[in-house]
Structure formats: C-alpha cells, structure tokens
Amino acid sequence: MIRLHPLPYDFKALEPYISEKTIRFHYGKHQAGYVKTTNNLINQTEMENMDLKNLIVTAASDTVLTKLFNNSAQVWNHQFYWNSLTSDLEKRSISNELKNIIDRDFGSINNCLNQIIEVGINQFGSGWVWLTSEKGTLKITSTTNAQTPITQYSIKPLLCIDVWEHAYYLDYQNNRKEYLTQIVNNLLNWNFASQNINN
Ligand code: FE2
C-alpha cells in the first residue's frame, strides 16, 4: 500500500502566491484521492507491496493498467510538486554550481525562468512542467495529464509545476500565466533541484 506523504510545510506556507484554501483542496482532496484510488486498485494483488516508483513503471508498461498508472503517477508527481515549492529564502537561492549549469544550458537564469512559463502556458489542457536533466543537459519539458518523466531512466526530474486547473483556479481563475509567473519568481525550491541533480 502507498501512503499520502505529509506536506513539507503547513497549509499557509505558500501564501500569498498559493492560498491555504487551494492547498487544502489540492493536497487533501485531489492528491488524497489519487492515493485512495491507487490503494483500491492494488489491494490484494501482487502489486500491493511494490514501492510507488516500481508501481508507476510497471503500470506504464501495460495499457490494461492505465487507471493504476494515472493515479499512482499523480501521487508521485504531486509529492514532487510540493517538494519543488518553498517560501524558505535559503532553499530558494540557486547554488553557484547549479547557476553555472543553467547559464550553460539556457544562457541565463531569466531565460530558464521565462522558458518554464512559456512551456507551462503552451501545455494544452492538464499536465505538468518539468525542469529535467537529460544525460547531464538541463531541459524544460511538459507532460500531459498524469504522464511523468520517471518512466524514462535517462531523465532526471529536478523540479515540477502542476498546471492542472485545480492547482490554480481558486487563486488565479483561468490565468495560468500569472500562476506560473508567481511560482517562478517566488516559490521554486532550487535547493531541491540541486539535491536531485546530484542524486
Ligand atoms: Fe494537482
């Protein structure tokens, strides 16, 4: 069985950029719902003791398991999303090591941040924006619905942003650009990105 990991901060920690109300719904209803459905699907099957990543990779390889893939991948993506955000100034600062890699691959931090916003705006419908490392090169990509880069071993996710409407509608209505802009400017956990790049 898998579990709903605790949030890495309290429900008000990301205000004013993401409200307590949004997080209570997003974490307490949406993510908790994905955990519950995943557990219902694996209960009393040979998959019930698999860890979350193995479950996702197994489900991704079999179209009969699409519902399990969607729900389990959403659990992992949301855990990664919460860890990608912080209001802690120390965690938000970019290490020199990471800054140099960003400068090398995007030209500047600003180009990198603008590209995150652009890719997020251009993801049609629900999905995720990712900063990843692919064989040592940083890239910004998006995935649709529950799709996740962890099904590809050559790709290391560093940060992600949820661009499903449930992530921002209460705070920004349909203004996804403003939601992305506020996150990029105020909430990205670059310390988490550095940990992931060195994993
Ligand atoms: Fe979400």
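Residues numbered from 1 in each chain as written. Predicted model: local features only at pLDDT ≥ 70, side-chain atom pairs only at ≥ 80, totals over all residues. Heavy atoms only, no water.

1. Description of the pairing of strand β2 (residues 137–144)
Quick note on the threshold: Paired strands, in this sense, are two strands between which DSSP finds at least two bridges. Think of it this way: any DSSP run of H or I at least four residues long counts as a helix, any run of E at least two long counts as a strand, and we number them from the N terminus.
Pairing geometry for strand β1 (residues 127–134) and β2, over eight bridges, is antiparallel. In the strand pairing of β2, Thr132 is matched with Lys139. Between the antiparallel neighbours β1 and β2 lie two residues, among them Lys135 with a positive phi of about 50 degrees.

2. Considering the packing of aromatic side chains
As a reminder of what qualifies: Each Phe, Tyr or Trp ring (for Trp, its six-membered ring) is paired with any other whose centre lies within 6.5 Å, and the angle between the two planes then decides the class: stacked below 30 degrees, edge-to-face above 60, tilted in between. For each residue, the accessible area found with a 1.4 Å probe, counting protein chains only, is set against the maximum for its type, and the residue is called buried under 20%, exposed over 50%, and partly exposed in between.
Taken as a whole, this structure holds 11 aromatic pairs when the rule is applied. Their ring planes at 25 degrees and their centres at 6.4 Å tell us that Trp76 and Trp130 sit as a pair that is stacked. Of this pair, Trp76 sits in helix α3 (residues 66–84) while Trp130 is found in strand β1, placing the two residues 54 residues apart along the sequence. Here Trp76 falls in the buried class, since its relative accessible area comes to 10%. The exposure class assigned to Trp130 is buried, which follows from its relative accessible area of 1%.

3. Here's the deal with the sheet that holds β2
Backbone hydrogen bonds hold the strands of a sheet together, and the pairing may be parallel or antiparallel. Spelled out, the test is: Angles here are taken between N-to-C directions and fall from 0 to 180 degrees, while the axes themselves are lines fitted to C-alpha atoms, restricted in helices to the stretch in contact. Contacts between residues were defined by any pair of non-hydrogen atoms, one from each residue, lying within 4.5 Å.
Within the open sheet, the three strands sit side by side as β2-β1-β3. Their pairing is antiparallel. Whereas interior strands pair on both sides, the edge strands pair on one side only; in this sheet they are β2 and β3 (155–162). Adjacent strand axes in the sheet meet at a mean angle of 25 degrees when their direction is disregarded. Across the sheet, helix α5 (residues 96–106) touches β1 and β2, and the angle it forms with β2 is around 75 degrees. Across the face of the sheet, helix α6 (residues 109–122) comes into contact with β1, β2 and β3 while running at roughly 20 degrees to β2.

4. A look at the coordination of the iron ion
What counts is decided by this rule: Because no water is among the atoms considered, metal sites can look incomplete, with donors defined as N, O and S atoms within 2.8 Å of the metal, or 3.2 Å for Na, K and Ca. Square planar and octahedral assignments, for four and six donors respectively, both demand that opposite donors be over 155 degrees apart and that all other angles lie between 65 and 115; tetrahedral needs four donors with all angles between 85 and 135 degrees, and anything else is irregular.
Summarising the metal site, the iron ion is bound by the protein donors His26 (NE2), His78 (NE2), Asp162 (OD) and His166 (NE2), whose distances to it range over 1.9 to 2.1 Å. The site at the iron ion holds four donor atoms, and with the angles between them running 89 to 130 degrees, its shape is tetrahedral. Each donor residue of the iron ion belongs to the same chain, with the gaps between them written as H-x51-H-x83-D-x3-H. Here His26, found in helix α1 (residues 20–42), pairs with Asp162, found in strand β3; they are 136 residues apart in sequence, far enough to count as distant. Taking relative accessible area as the criterion, His26 reaches 1% and is therefore assigned buried.

5. Describing unusual backbone geometry
Here Glu15 and Pro16 are connected by a cis peptide whose omega angle stands at 5 degrees. With respect to the secondary-structure elements, Pro16 resides in the segment before α1. Backbone geometry places Lys135, a non-glycine residue, at a positive phi of 50 degrees. Topologically, Lys135 is positioned in the loop between β1 and β2.

6. Here's the deal with the domain arrangement of the chain
Convention followed: For each domain, the first and last residues come from an automatic or database assignment. Here the quantity called buried area is the total loss of accessible area, with a 1.4 Å probe, experienced by two parts when brought into contact, counted for both. In what follows, salt bridge is the name for a side-chain nitrogen of Lys or Arg lying within 4 Å of a carboxyl oxygen of Asp or Glu.
Taken domain by domain, the chain comprises domain 1 (20–84) and domain 2 (89–197). Each of domain 1 and domain 2 was reduced to a C-alpha centroid, and the two centroids are 21 Å apart. Tallying the contact residues gives 21 residues for domain 1 and 27 residues for domain 2. Across the domain 1 to domain 2 interface the summed buried area is about 1900 Å²; carbon plus sulfur atoms make up 67%. When the buried area of domain 1 at its contact with domain 2 is split by residue, Phe80, Tyr81 and Ser84 rank highest and sum to 30% of it. Summed over the shared surface of domain 1 and domain 2, the result is zero salt bridges.

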